[in-house]
Number of protein chains: 2
Amino acid sequence: MPSGKILVAQGGGPTAVINQSLVGVALEARRFQNVKLVYGARHGVRGIVDEEFVDLTQETSHNLEAVACTPASALGSTRDKPDLKYCQEIFKVLRAHEIEHFFYIGGNDSSDTVRIVSEEARKANYPLRSIHIPKTIDNDLVGNDHTPGFPSAARFVAQAFAGANLDNASLPGVYVGVVMGRHAGFLTAASALGKKFPDDGPHLIYVPERVFEIPKFLADVKTMVERHGRCVIAVSEGIHDASGQPIITQLAKDVEKDAHGNVQLSGTGALADLLCEEIKAKLGIKRVRGDTFGYLQRSFIGCVSDVDQREAREVGEKAVQFAMWGKVDGSVAIKRTGFYSADYELLPLEAVAGKTRTMEDEFITASGTDVTDAFRLYLRPLLGSGMPDAFRLRHNPVAKVLKRG
Amino acid sequence: MPSGKILVAQGGGPTAVINQSLVGVALEARRFQNVKLVYGARHGVRGIVDEEFVDLTQETSHNLEAVACTPASALGSTRDKPDLKYCQEIFKVLRAHEIEHFFYIGGNDSSDTVRIVSEEARKANYPLRSIHIPKTIDNDLVGNDHTPGFPSAARFVAQAFAGANLDNASLPGVYVGVVMGRHAGFLTAASALGKKFPDDGPHLIYVPERVFEIPKFLADVKTMVERHGRCVIAVSEGIHDASGQPIITQLAKDVEKDAHGNVQLSGTGALADLLCEEIKAKLGIKRVRGDTFGYLQRSFIGCVSDVDQREAREVGEKAVQFAMWGKVDGSVAIKRTGFYSADYELLPLEAVAGKTRTMEDEFITASGTDVTDAFRLYLRPLLGSGMPDAFRLRHNPVAKVLKRG
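Residues numbered from 1 in each chain as written. Chains lettered and ligands numbered in written order. Predicted model: local features only at pLDDT ≥ 70, side-chain atom pairs only at ≥ 80, totals over all residues. Heavy atoms only, no water.

## A word on the UniProt feature "site: Important for catalytic activity" (unreviewed entry) in chain A
Residues and elements named next belong to chain A.
Alright, step 1. Following the UniProt record, the feature "site: Important for catalytic activity" (unreviewed entry) maps to K135 here.
Alright, step 2. Here K135 is to be found in the loop between β5 (129–134) and α6 (150–170).
Alright, step 3. Apart from residues no more than four positions distant in its own chain, K135 is found in contact with G11, G12, G13, T15, I18, I105, G106, G107, L141 and P148. (UniProt positions renumbered as here; feature names shortened; annotations may be inferred. Helix = DSSP H or I, 4+ residues; strand = E, 2+ residues; numbered from the N terminus. Contact = heavy atoms within 4.5 Å.)

Here is the structure:
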């Protein structure tokens, strides 16, 4: 006899809209009579192996709707990256609790976990339906036009640079803003959507898809300062030299590494400080300021794309529909169908799992320091409605009296 | 014969609403028949001595309204802090252009400039009306209930911490957020308004009104981590030891100083990084992340308090009214008259100029690491309408199956 139990969990870095997907699963599941209990695992796969489940069936739909509009992972998340043994533990717990449908909201590491768990269930001949639900502010999942969470983070970055540009125009100098993104530059490139007037910043954009060379960087900055009397720069935390070595390691003595063996890039202002020091020392520019957007860009409450919210909800809903009406496991993906409209499809887990998408060449200019109109066309509709706009005074100069000559 | 010329300028750090004050002056001046020309100086006092004026009379009211809603200083700003000689230069230019009314929007340094210029005009028996219009995100002007610009920056900080708290709850660890404020802790204290549930962060708040001691800090963090399994910390960039030495100088080798002889605190992630290193090294906590809010907190476009917008506009309007109908120079100040209502008065320039307000003792708890309800009552109405709210799932645990024991 079927248990009627489904399980949902959230993995990896939180986003502004990941709870929309969670609530999409929880509420959509209520439509299906074969679902009796909706469990949520606390802190992703870690909560599964520890059997830390909460019963979402007991939640009011009203509170679920309120949680949906709250950023970060309401169930808690984890940075654990399960290997085969870990996934076997997950499967053991799923079986013990008679889970029939497993939904994991996360990035490419999470999709790989779903792939292995799905494989374990198949080998054990246990009837488990496993669905991966996409999310990542990095926008680095293959097979997706874009990923839920990215549009809202992109909106934050665009708004931040629109403001930083105005601030820098008020008090001219050089401004460096460091944006998240280890391998993919989408989020850093989103800074370009903060530009309005032709001389607005960011004047230079550095993404990890291109090799970063400090001498070239300094020459670029010098050119822009000569042209505009100031320079606003967007830099991805993942910029690296020709050998693939992160620029940040050229500065930091003790570099922290995570469970995946990756150098810690976020949660430190070191890269911005390094670049500012270089500009001050080598170009002799006095007012040089660096900001690292850090966790604000993924967690700030009150800066969200309504398009992103809707889509994050829908990938959760579609995941349940694919699970209930379909016959295969997979990863839900967003497909662009118009300007702007989107639909959803279920991709094979192998097509997404553990793969990394980076920015397409057509999105980066030949100079390597700006984005193309193709990128603007790609990103603008995702930022949603109500984007703030910047205005300036017109230049009506008054004739000098004392310095007439 | 009167020239009918007025001049307005913006000084110091930009804010989200400083253009409201500018536009308040420009539009209110149009009501007065004796005003023929409204000039704006580019980049504050620097633009005055350089005679870099623009004619705001030629602006459309429509564009002025759009500029009013744009953050940062539309006329440009300056960090110049004029001495007597500089102020004499300013006066020389004002006289050469036959300026009859001078409006300077800025903080306490700017009010001191207005005071000296006013004095020069009086000594020269030149009929100049000089009015200082308040603005500063630091909220450190004496004689004001609060200053325009502070509520919007406070809103950003509260929203940032509400989000950072959610992110930190998702992936537990220690989070340090460094907030602007050299001498006054108001903006850092605003982080407390991001708290909703009793165990929400920020769990610790450090303001420059209290001496910062690293051993005490580490003990505080340890206590909070033991209590909550995590810790969110708000730190003012201006924290200092018992001798008044900024904590940041204990780390930085080459400390940059500005024209005022102040150590550069913003535009670097050094303080957050230093504190994170201390926590990692001394408390052995693994996941420790630091963010420096930097320029985002004063320039971010799309995070503004409607109360702040209204008041910033009104101080500009009232400045013109005080100038036209009154007989004395002065500094416009915000006075709280109810819960919540405000009115404006004109203070003598000497009452405000060059003085620094810090947080009142009644706003800081005895522990020195939190704010009182009096502070919440003070700040909440200023944040304005539509503050985003955070919700969480209720805890309905599911019985374990495998780990029943």
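## Considering the relation of the copies chain A and chain B
Alright, step 1. Once chain A has been moved 0.0 Å along the axis and rotated by 180 degrees, it coincides with chain B to within an RMSD of 0.0 Å. Here the symmetry operator amounts to a two-fold rotation axis. Proximity to the rotation axis, assessed at the C-alpha, singles out G269 of chain A in chain A; its C-alpha lies 2.1 Å from the axis.
Alright, step 2. Comparing interface residues between copies, 100% of those in chain A also lie at the interface in chain B; the contact surface is shared. (Least-squares fit on C-alpha atoms with pLDDT ≥ 70 in both.)

## A look at the pattern of salt bridges
Alright, step 1. Taken as a whole, this structure holds 51 salt bridges over all chains when the rule is applied.
Alright, step 2. As a salt-bridge pair, D167 of chain B and R298 of chain A come within 2.7 Å of each other at their nearest N and O atoms. Of this pair, D167 of chain B sits in helix α6 (residues 150–170) while R298 of chain A sits in helix α10 (residues 296–299), placing the two residues on different chains. Here D167 of chain B matches R298 of chain A in class, with each residue buried.
Alright, step 3. The closest approach of N and O atoms between K403 of chain A and D50 of chain B, which form a salt bridge, is 3.7 Å. Residue K403 of chain A is located in the segment after α13 (373–379), and its partner D50 of chain B is located in the loop between α2 (44–49) and β3 (53–55); the two belong to separate chains.
Alright, step 4. Overall, the relative accessible area of 43% leaves K403 of chain A in the partly exposed class. (Salt bridge = Lys/Arg side-chain N within 4 Å of Asp/Glu carboxyl O. Buried < 20%, exposed > 50% of the residue type's maximum accessible area, 1.4 Å probe, protein only.)

## Let's talk about the sheet that holds strand β7 (residues 204–206) of chain A
Strands belonging to one sheet form pairs held by backbone hydrogen bonds; the direction of such a pair is parallel or antiparallel.
Residue and element names in this part refer to chain A.
Alright, step 1. Here we have four strands laid out as an open sheet, ordered β7-β8-β6-β9, and parallel in their pairing. Both outer strands of the open sheet, β7 and β9 (288–292), are each paired with one neighbouring strand and no more. Taken pair by pair, the neighbouring strands of this sheet meet at an average axis angle of 15 degrees, ignoring direction.
Alright, step 2. Across the sheet, α6 is in contact with β6 (174–179) and β8 (231–236); its angle to β6 comes to roughly 170 degrees. (Pairing = 2+ DSSP bridges. Axes fitted to C-alpha atoms, helices over the stretch in contact; angles between N-to-C directions.)

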